[in-house]
Amino acid sequence: SEEAILKRQIEEAFADVAQPPSDYLSNTPSETKHVLEVFQGGQRWQDWKDRPHELWRGRYGQTISALTDWAYHYYLPLFMLATAFQYDGDNTLHSEFVDSLIRPSMGDAVFWHSLDEADKKRWNAWYDNRMGRCSQPQLRVILSFLRYLRGRLGDDFLERAVGDAISSVSSFEEKLKS
């Protein structure tokens, strides 16, 4: 089935990503305790791939935004598996995760236009650093995941956000090719 193929592709593409040590999980001092609680000192994503929602226990947004680039890259497959295969009608994880794949300049226009040029450069550098950890095969799997998500959830999800994420990841992949 399409689901089984995508799940296998996600697992294979990220199988060799090194797990960050516990002291490299959070880049936000105020969220470090929360992130450590969620990941219980450094859980392997593979141990939770069939039940990712049990790991987060409803605390997705804080978790995604507080992860270091390394931890985000490492736990990316778990976020994709949870978002694609355990949708329960609650858009919280879906929104937070898909938003994390959108280049800041392609996301919230009000937020972006409120920034000065230096902040815009910092936000784009942050996105480039975070996504730059992904290999081209991983970026292709992320795009397959996003297209699957858009096709599967349809009107249950914010179409613009998925489209923006696809555009962001596609443009990043193109940038890496050149």
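What this report covers is the structure whose coordinates are included nearby. If you're wondering where the values come from, they're calculated on a predicted model, not measured in any experiment.

### So, the overall build of the protein chain
Here is step 1: Along its length, the protein chain carries 10 helices and zero strands.
Here is step 2: Of the regular secondary structure in the protein chain, the N- to C-terminal order runs α-α-α-α-α-α-α-α-α-α.
Here is step 3: Taken across its 178 residues, the protein chain has 46% of its residues classed as buried.
Here is step 4: Long-range contacts, defined here as pairs at least 24 residues apart, represent 74% of the contacts in the protein chain between residues at least 6 apart.
Here is step 5: With an accessible surface of roughly 8,600 Å², the protein chain has 49% of that area assigned to carbon and sulfur atoms.

### With respect to the pattern of salt bridges
Here is step 1: Summed over the entire model, instances satisfying the criterion amount to six salt bridges.
Here is step 2: The partner of D69 in a salt bridge is R130, and the shortest N-O contact between them spans 3.6 Å. Here the residue D69 occupies a position in helix α5 (residues 69-85), and R130 occupies one in helix α8 (residues 117-131), the gap between them amounting to 61 residues. Here D69 matches R130 in class, with each residue buried.
Here is step 3: Its salt-bridge partner being E117, residue K120 comes within 3.6 Å of it at the nearest N-O pair.

### Thoughts on the environment of C134
Here is step 1: By the element assignment, C134 lies in the loop between α8 and α9 (136-153).
Here is step 2: In this structure C134 comes out as buried when scored by relative accessible area, which is 4%.
Here is step 3: Once the C-alpha coordinates of C134 and L76 are considered, the two residues, 58 residues apart in sequence, prove to be 9.7 Å apart.

### Structural notes on the packing of aromatic side chains
Here is step 1: Following the criterion strictly, the structure yields four aromatic pairs and no others.
Here is step 2: Aromatic pair F111 and W123: ring centres 5.3 Å apart, planes at 90 degrees, arrangement edge-to-face. On the criterion of sequence distance, the pair formed by F111 in helix α7 (residues 109-113) and W123 in helix α8 is long-range, its members being 12 residues apart.
Here is step 3: Among the residues examined, W123 registers a relative accessible area of 33% and is labelled partly exposed.
Here is step 4: Ring plane angle 75 degrees and centroid distance 5.5 Å describe the contact between W123 and W126, whose orientation is recorded as edge-to-face. Of this pair, W123 and W126 both sit in helix α8, three residues apart, which is roughly one turn of that helix.
Here is step 5: Classification of W126 as partly exposed rests on a relative accessible area of 28%.
Here is step 6: One aromatic cluster in this structure is built from F111, W123 and W126.
Here is step 7: For the cation-ring pair, R130 lies above Y72, with the distance from its terminal atom to the ring centre recorded as 3.9 Å.

### Things to note about α5
Here is step 1: Between its terminal C-alpha atoms α5 stretches 24 Å, which fits the 24 Å expected from 17 residues at 1.5 Å a residue.
Here is step 2: A bend of about 50 degrees at Y75 is the largest found in α5, and the proline P77 appears one to four places after it.

### Quick notes on the side chain of R103
Here is step 1: If you trace the backbone, R103 turns up in the loop between α6 (91-100) and α7.
Here is step 2: A polar contact of 2.6 Å, which involves the side chain of R103, links it to the side chain of D128.
Here is step 3: Every residue in contact with R103, bar those within four places of it in the chain, is listed here: N124, Y127, D128, S168, F172 and K175.

### Some points on the environment of S65
Here is step 1: Relative to the helices and strands, S65 is located in helix α4 (residues 60-66).
Here is step 2: Given a relative accessible area of 51%, S65 falls into the exposed group.
Here is step 3: When the C-alpha atoms of S65 and D99 are compared, they prove to be 10.0 Å apart, with 34 residues separating the residues in sequence.

Calculation criteria
Residues numbered from 1 in each chain as written. Predicted model: local features only at pLDDT ≥ 70, side-chain atom pairs only at ≥ 80, totals over all residues. Heavy atoms only, no water. Helix = DSSP H or I, 4+ residues; strand = E, 2+ residues; numbered from the N terminus. Buried < 20%, exposed > 50% of the residue type's maximum accessible area, 1.4 Å probe, protein only. Contact = heavy atoms within 4.5 Å. Areas by Shrake-Rupley, 256 points an atom, 1.4 Å probe, with all protein chains shown as cover. Salt bridge = Lys/Arg side-chain N within 4 Å of Asp/Glu carboxyl O. Phe/Tyr/Trp six-rings, centres within 6.5 Å; stacked < 30°, edge-to-face > 60°. Lys NZ or Arg CZ within 6 Å of the ring centre and 35° of its normal. Expected span 1.5 Å × (residues − 1). Bend = angle between axes of the 7 residues up to and from the residue. Polar contact = N/O pair within 3.5 Å; in protein donor to acceptor, adjacent residues only side chain to side chain.

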